[in-house]
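Breakdown of the fold
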Amino acid sequence: MNKSRLSDLYLLALIPPAKQQTDQSVNQYVTWQYPQNFGNNIAHFFYDKTPLEKTSHWLTKGATSPKFELNTAYVAKPFSQVAIEYTILGFEHIVPKGTDHILFVLGLFLLSVRLRPLLLQVTAFTLAHSITLGLTIYGAISLSPSVIEPLIALSIVAVGVENVFVKELKTRRVVIVFLFGLLHGMGFAGVLSGLGLPESDFLTALIFFNLGVEAGQLAVIATAFLLVFWLLKNPQRYRQWVVIPTSILISLIGILWTYERVFL
Amino acid sequence: MLSLLPLMQSAEAHQLRPAIVNLEFTQNGSVKVHIQTNLESLIAGINSNHDDTDDSPQAERYNQLRALSSKQLSSEFELVAEATISQFNLAFDSIKSDLSFVKLGIPERLKVIYRSLNLAFLKLEI
């Protein structure tokens, strides 16, 4: 989406001397809290000598982080917690945050009233963006957001325009959707790496973020279906009332974004 | 078609990304706190209940701040620095510690003015 300016604020505190412990098993602990009115945050706790062993917490609504015990060995987060956190992050990246991905998926939905074309397109898209998400996160490929973002916007224009002129699925469409999926995957990777993926839970986080993205896509399609299913029995009317006007609107928004992302 | 209008609006607004907070515990007994965030929304005190900044009452203030150069934004932050930093709560054994300011890095502004002109035009069109 539109990039807002990110600034860096550096602060310093001293670790107070640990109190005389009567009970040897109790360690000094730290908590972090960021007020709700400043937004959500992801807190990474780590030692300077082992910067890769991060204990990360996703904190919303001004929540205080769980206790981080000092001078204890690093303990990885339980699998289930990482899985849940990253599924939610992936989902949120589509709904409500990924307006451009929502429009693209809506574009796919609008092509045809039948299930097979939709499944083929969604499969091509999912396969493609999973490949590039993985490759980008692992550093195998990289492309600047200034290139990816306008192309993603163009992909929205393309599916919208094709919906107006083409009524059914052609092989060409599946290939195009696959190619655009490759771009969207790189876009997802940009977001995910921006969040600071925990090194220790890298693969788990990656897989569940992707699953969250899929769930988000399915939610978009399900919602779109619920809105229009009563019209599907009359394909001609559906095309005239829904497919063509919505596709035109999607394309127009895509054009605007392409312009914004290239020139502004 | 109307159902797409809210999407249109959120495209104009600037999604608030979560802040990334790095808490680095050093061997010489200090904690280096590095917060990567949208400083404009921090200063405007935009609430996390609003995912889109245009929905929030401080939107005007936010948009004002966005238009500032990095130098100007830095001076704006200086005015509220103490109050802001005091709201971060880094606590050792539940006792809040004193965080001191080290430095600030602000990238130069985007072409904010052109963008808002363009968006005003878009709103008229709709």
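For every chain, the first residue of the written sequence is number 1, and numbering continues from 1 onward in sequence order. Note on labels: chains are lettered from A, ligands numbered from 1, in written order. For this predicted model, a pLDDT threshold of at least 70 governs which residues receive local features, and a threshold of 80 or more governs which side-chain atom pairs are given and counted, while totals over whole chains, interfaces and linings are taken from all residues.

A short note on the overall build of chain A
Counting from the N terminus, the helices are DSSP H or I runs at least four residues long and the strands are E runs at least two residues long. Counting its regular elements, chain A contains seven helices and five strands. Along the chain direction, N to C, the helices and strands of chain A fall in the order β-β-β-β-β-α-α-α-α-α-α-α. Residues with at least 20 other C-beta atoms within 10 Å of their own are called buried, those with 12 or fewer are called exposed, and the rest are partly exposed. The C-beta atoms themselves are positioned from the backbone. By residue count, 38% of the 264 residues in chain A fall in the buried class. Considering only contacts within chain A whose residues lie at least 6 apart along the sequence, 80% involve residues at least 24 apart. Contact criterion: two residues are in contact if their C-beta atoms, reconstructed from the backbone, are within 7 Å.

What about the packing of helix α2 (residues 99-110) of chain A against helix α6 (residues 202-228) of chain A?
Packed helices, taken two at a time, are described by the angle between their axes plus the distance between the axes. All names here are of chain A. The geometry of α2 relative to α6 is characterised by a closest axis approach of 10 Å and an angle of 50° between their N-to-C directions. Compared by their axis directions, α2 and α6 come out oblique. Taken as a pair, α2 and α6 cross one another with a handedness that is right-handed. Facing I102, V105, L106 and F109 of α2, the residues of α6 in contact are Q217, V220, I221 and A224. When residues are grouped by polarity, Ala, Val, Leu, Ile, Met, Phe, Trp, Tyr, Cys and Pro land in nonpolar, Asp, Glu, Lys and Arg in charged, and all others, Gly among them, in polar. Of the residues contributing to the contact of α2 with α6, the split by class is seven nonpolar, one polar and no charged. Axis angles are defined between N-to-C directions and span 0 to 180 degrees, where every axis is a line fitted to C-alpha atoms and, for a helix, only to the segment in contact. Convention used here: angles under 35 degrees read as roughly parallel, angles over 145 as roughly antiparallel, angles from 65 to 115 as roughly perpendicular, and any remaining angle as oblique. Note: crossing handedness is left-handed where the near helix turns anticlockwise from the far helix by less than a right angle, and right-handed where it turns clockwise.

So, α2 of chain A
Helix length check: α2 of chain A, at 12 residues, gives a terminal C-alpha distance of 16 Å against a target of 16 Å (1.5 Å per residue), a fit within 8%. If you check which residues of α2 of chain A are buried, you get T99, D100, H101, I102, L103, F104, V105, L106, G107, L108, F109 and L110 of chain A. Helix span, expected: 1.5 Å multiplied by one less than the number of residues in the helix.

Topic: the sheet that holds strand β1 (residues 19-25) of chain B
Strands are treated as partners if at least two bridges between them are detected by DSSP. Spatially, β4(A)-β3(A)-β1(B)-β2(B)-β1(A)-β5(B) is the arrangement adopted by the six strands of the open sheet, whose pairing is mixed. Here the strands that pair on one side only, and so sit at the sheet edges, are β4 (50-59) of chain A together with β5 (100-105) of chain B. Adjacent strand axes in the sheet meet at a mean angle of 20° when their direction is disregarded.

What to know about the nonpolar core
In terms of nonpolar packing, the biggest core is built from 45 residues, with L103, V105, L106, L108, I156, A205 and F209 of chain A touching the most fellow members. At the level of secondary structure, the elements contributing two or more residues to this core comprise α1 (79-94), α2, α3 (115-137), α4 (145-165), α5 (171-194), α6 and α7 (235-263) of chain A. Contacts of L108 of chain A, omitting those with residues within four sequence positions, involve L118, Q121, V122, F125, V159 and V177 of chain A. By definition, a nonpolar core groups buried Ala, Val, Leu, Ile, Met, Phe, Trp, Tyr and Cys residues that connect through C-beta atoms lying within 7 Å of each other. Counting residues in hydrophobic clusters, the runner-up holds 28 residues, among them W32 and I42 of chain A together with L39 and L65 of chain B.

Points about the environment of I94 of chain A
Residues and elements named next belong to chain A. Along the chain, I94 falls in helix α1. In this structure the C-alpha to C-alpha distance between I94 and V220, which are 126 residues apart in sequence, comes to 8.5 Å. Filtering out sequence-adjacent residues up to four positions away, I94 remains in contact with H101, I102, V213, G216, Q217 and V220.

Notes on the confidence of the model for chain B
Residue and element names in this part refer to chain B. Known as pLDDT, the predictor's confidence for each residue is given on a scale from 0 to 100. Averaged over every residue, the pLDDT of chain B is 73; residues scoring 70 or more account for 62%. Per-element averaging of pLDDT across chain B places helix α1 (residues 5-12) at the bottom with 39 and strand β3 (residues 89-92) at the top with 94. Every residue in residues 1-15 scores below 50 in pLDDT, and together they form 28 contacts with partners more than four places removed in sequence or on other chains. When the criterion is pLDDT under 50, residues 111-126 qualifies, and its contacts beyond four places in sequence or with other chains add up to 11 contacts. ipTM for the predicted complex: 0.73, alongside a pTM of 0.65.

Re the sheet that holds strand β4 (residues 95-96) of chain B
In spatial order, the strands read β5(A)-β2(A)-β3(B)-β4(B); together these four strands make up an open sheet with antiparallel pairing. The open sheet has two free edges, formed respectively by β5 (68-69) of chain A together with β4 of chain B, since each of these has just one partner strand. As defined by bridge partners, strand β2 (residues 29-33) of chain A adjoins β3 of chain B across four bridges and the pair is classed as antiparallel. Considered in β3 of chain B, the bridge of Q33 of chain A is made with N89 of chain B.

Overview of unusual backbone geometry
Residues and elements named next belong to chain B. Unusually for a residue other than glycine, D93 sits at a positive phi of about 50°. Tracing the backbone shows D93 in the loop between β3 and β4. Even without a glycine there, the phi angle at S94 is positive, about 70°. Position of S94 among the secondary structure elements: in the loop between β3 and β4. Classification of S94 as exposed rests on a count of 10 C-beta atoms within 10 Å.

Structural notes on the packing of α4 of chain A against α7 of chain A
Residues and elements named next belong to chain A. In contact at an axis separation of 7 Å, α4 and α7 are set at 160° when each is read in the N-to-C sense. Classified by the angle between their axes, α4 and α7 sit roughly antiparallel to one another. Relative to α7, α4 is oriented so that their crossing is left-handed. By residue class, the composition of the contact of α4 with α7 is 15 nonpolar, six polar and two charged.

Quick word on the environment of I42 of chain A
One can find I42 of chain A in strand β3 (residues 41-47). In the structure, I42 of chain A is positioned 18 residues away from T60 of chain A in sequence and 8.5 Å away in space, judged by C-alpha atoms.

As for the pairing of β2 of chain A
All names here are of chain A. The alternating pattern of β2 places V30 and W32 on a buried face and Y29, T31 and Q33 on a face that is not buried. As paired strands, β2 and β5 are joined by two bridges and run antiparallel to one another. Residue pairing for β5: V30 is matched across the bridge by F68.

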